[in-house]
Amino acid sequence: MASESIAIEARHNPLSVVYEWLGTADHKKIGLMYIVYALVFLVIVGVEAILMRIQLAHADATFLSPQVFNRLFTLHGTTGVFFVAMPILFGFGNYLVPLMIGARDMAFPRLNAFSFWMTAIGGFFLYASFFAGSGFAHAGDAPDFGWFAYAPLTSHTFSPTHSADFWNISLLLAGIGSIGGAVNMIATVISMRCPGMTLNRMPLFAWMNLVMGGLVLVTISPLTAAQLMLLFDRFLGSHFFDVAAGGSVVMWMHFFWIFGHPEVYVLIIPSFGFVSEIIPVFSRKAMFGYPAMVAASVGIGFVSLGVWAHHMFTVGMPSYGNAFFVLTTMLVAVPTGIKIFNWLATLWGGKIRFSTPMLFCAGFLFQFLIAGLTGVMLATAPFDWQLSASYFVVAHFHYVIVGGILFTIFAAFYYWYPKMTGRMLSETLGKWHFWIFVIGFHLTFDFMHVPGLMGMPRRVYTYELDRGWQIWNQISSIGAVFQAIGILIFVYNLIQSYFAGAVAGNDPWDAWTLEWATTSPPPEYNFASIPAVRSRRPLWDLKHSDDPDWKYE
Amino acid sequence: MSTISQPLAPGETVWTLPPRGRVAMLSLIVAESAIFTIFVAAYIFYLGKSVSGPAPRDILSVPVFATICLLSSSVTMHAAIAALREGRTGVFNLFWIATFVLGAIFIVSTAREWRHLIYDEGFTIQTNLFGSTFYSLVGLHASHVIVGLTALAIVAILGLAGKIRAEHSERCEVISLYWHFVDAVWVVVFSVVYLIGR
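Residues numbered from 1 in each chain as written. Chains lettered and ligands numbered in written order. Predicted model: local features only at pLDDT ≥ 70, side-chain atom pairs only at ≥ 80, totals over all residues.

**So, the overall build of chain A**
And step 1. Looking only at helices and strands, chain A has 16 helices and zero strands in total.
And step 2. Taken over the C-alpha trace, chain A has a radius of gyration of 23 Å; the compact-globule value for 553 residues is 24 Å, and the two agree within 12%.
And step 3. Principal-axis analysis of the C-alpha atoms gives chain A an extent of 70 × 50 × 45 Å.
And step 4. Counting over 553 residues, chain A shows a buried share of 55%.
And step 5. Long-range pairs, those at least 24 residues apart, make up 82% of the contacts in chain A with a sequence separation of at least 6. (Helix = DSSP H or I, 4+ residues; strand = E, 2+ residues; numbered from the N terminus. Rg over C-alpha atoms; globule rule 2.2 N^0.38 Å. Buried ≥ 20, exposed ≤ 12 C-beta atoms within 10 Å, placed from the backbone. Contact = placed C-beta atoms within 7 Å.)

**Overview of unusual backbone geometry**
And step 1. Geometrically, the link from A:Ala151 to A:Pro152 is a cis peptide bond, its omega value of 5° lying close to zero.
And step 2. Inspection of the secondary structure puts A:Pro152 in the loop between α4 (109–132) and α5 (163–191).
And step 3. In the segment running from B:Gly53 into B:Pro54, the intervening peptide bond is cis, with an omega of -5°.
And step 4. Position of B:Pro54 among the secondary structure elements: in the loop between α1 (20–45) and α2 (56–59).
And step 5. Although it is not a glycine, A:Arg459 sits at a positive phi angle of roughly 70°.

**Looking at α4(A)**
Residues and elements named next belong to chain A.
And step 1. For α4, built from 24 residues, the straight-helix expectation of 34 Å at 1.5 Å per residue is met to within 8% by its first-to-last C-alpha distance of 34 Å.
And step 2. The largest bend along α4 reaches roughly 30° and is located at Leu126.
And step 3. By the burial criterion, the buried members of α4 are Asn112, Ala113, Ser115, Phe116, Thr119, Gly122, Gly123, Phe125, Leu126 and Ser129.
And step 4. Each element contacted by the buried residues of α4 is listed here: α2 (27–56), α3 (66–100) and α5. (Expected span 1.5 Å × (residues − 1). Bend = angle between axes of the 7 residues up to and from the residue.)

**Notes on the nonpolar core**
Buried together is how nonpolar side chains tend to be arranged in soluble globular proteins.
Residues and elements named next belong to chain A.
And step 1. Counting residues in each nonpolar core, the largest one holds 224 residues, and the members touching the most others are Ala38, Ile101, Ile269, Ile278 and Ala411.
And step 2. For this core, the element with the most residues is helix α13 (residues 391–421), which contributes 21 residues.
And step 3. Residues contacting Ile269, with those up to four places away along its chain left out, are Met208, Val211, Met212, Leu215, Ser297, Ile300 and Gly301. (Core = buried A, V, L, I, M, F, W, Y, C linked by C-beta atoms within 7 Å.)

**Some details on the packing of α3(A) against helix α7 (residues 249–283) of chain A**
Residues and elements named next belong to chain A.
And step 1. Direction vectors running N to C along α3 and α7 enclose 40°, while the axes themselves pass 10 Å from each other. The orientation of α3 relative to α7 falls into the category oblique. Of the two elements, α3 crosses α7, and the hand of that crossing is left-handed. Each of Val81, Ala85, Leu89, Phe92 and Gly93 in α3 lies in contact with α7, whose residues at this interface are Glu263, Leu267 and Pro270.
And step 2. The class makeup of the residues in the contact of α3 with α7 is six nonpolar, one polar and one charged. (Axes fitted to C-alpha atoms, helices over the stretch in contact; angles between N-to-C directions. Parallel < 35°, antiparallel > 145°, perpendicular 65-115°, else oblique. Left-handed = near helix turned anticlockwise from the far one by under 90°. Nonpolar A, V, L, I, M, F, W, Y, C, P; charged D, E, K, R; others polar.)

Below, the structure written as structure tokens:
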């Protein structure tokens, strides 16, 4: 215990603190930088959403111009996927996985720092477009072709300024960061586990990060390849997506969605990891069906590689192509169902504590189920022909990303904030955050399905009154205000609790994985002596040496 | 701090895991393979779709000698690593430098091919769809060869300075994995561009 105060010295000079963070290769500091960086972009994404919801709250509104609206939904989508969801999940993975597997750092600490800074520069570069998109003299331009950037909108004809280049290079940089992060994560999980931590005993969150890392390797790389082609098209005058020279715009769609669909699983699989850590602890039971959980996640990873063209049913494919992608997409529901039943079985008969992390996980279970069901609906090609590119689709994937992923991220914050800062987040504010956000979420996205079914296309900047869409859009916009209030409470809670929260201690939740064995926050070297484990719940074994888990595994 | 160690289970007292360098390089190779897959797919899909000439048959000649050099460099690389494991550093240096030379011959040959295509034939990345896919795919591979040659050169210099010993064989093997990958990719690129596509 005594040796752990060494790292706290030498923090008097504020400049040295800045230098310490900018130059760090410590996985915990890098993890926190990922998280804080993503939180800043979360607020930016929220502001963009609110602006669009104000515009859509009234028929024939003129709050935003069509040009600005296009830029907003492009930045909202790109930022949300690449600079909120990805870095926040990488951040938690970076912070937690070495602690959970009993390691002192990631396998390659400097590669880790490199990956973070590539991602970070990517995000700043995207927004630099606002200042330099059409040259400094005509500042104030941003990409406006939607987050999947279908050709030929990215060609010089339709994107004459540099805004498309900012988008292009920003994602190239972030992609290099993601691949570096994934390589590091895989090497860490495979090669850095403490003695006794077999793959079969590894916390599910570490398992999910391993699967996510593998998926990143084979999904982000195709995006990088496609971005390179776009780069060549725009800077060197090649013809990959140039129809006049025989190029194909459908190729871009394929390449983009070969990345784009597994990307959703890149995001949701670590979220599964959060839920699989939190639900057992707050049910006071060991995870039900651990091997099935692992198998289902690996299965989802594999199946997700063969579903991309369900984004392209309306493009027109042979009936065999349609049938293949319908069936593979529906197949995803099988392993996903296994996971949901395993979580329910873990809850079943448990001594459930509804603390804030558990509340968010409960919300996740309901919402993710509904998101999956609308997913199965959209997987049916004829149904998709009717509703592709409508607000039904927008409602569906926000159900996944907000109702699924973001809820688990909030759960993760309430659960691990004590470990990261040494202070508890306020439960009262947490409950306010949860209920206000849950109300806002359902107001916005439940009712967003309806105008979609009525035929409202996505990405329209306004609509006419006689379509009957206004009331539904107004409800959605009111919900957005609730969500914004929820986020503000959350941010306030993060800041307030950092200074005035209750002191957490090592293990405030009476949990079982290794990160709770060290101090909060952990020392730079994580563990004074490298732990050794004999079961999936090493801290249970420690606390109940009369009845350890390894007798039963 | 109370210890968090549990007594290890019987039979688990020896705890070895795969070396992290090799795991990371294999992961990187998976990622790189995905990138090459997309470029190869684009190349095949766009074969014969150019609206104007020239076509591959008109201007490409098969780089037999360069291919032989690159593929044999995998053999010399293997011999170098085998020698290093046994601590025969002199043999290691010899084979390692031979690998570098063979790789360098390949890249020079590619450079001469491109020079011929650009200056004599007037064929560039802008000429047609074939030009776009050809220069991107072959260029992507060539850039990987250059990265590999850089790594080879650094190790070669260290080796000549007598700094590479048997205990570095694991690290050199990581480089060799990358080099073998670059060679294997050339088998695919060569088949697609010069055999099937021509």
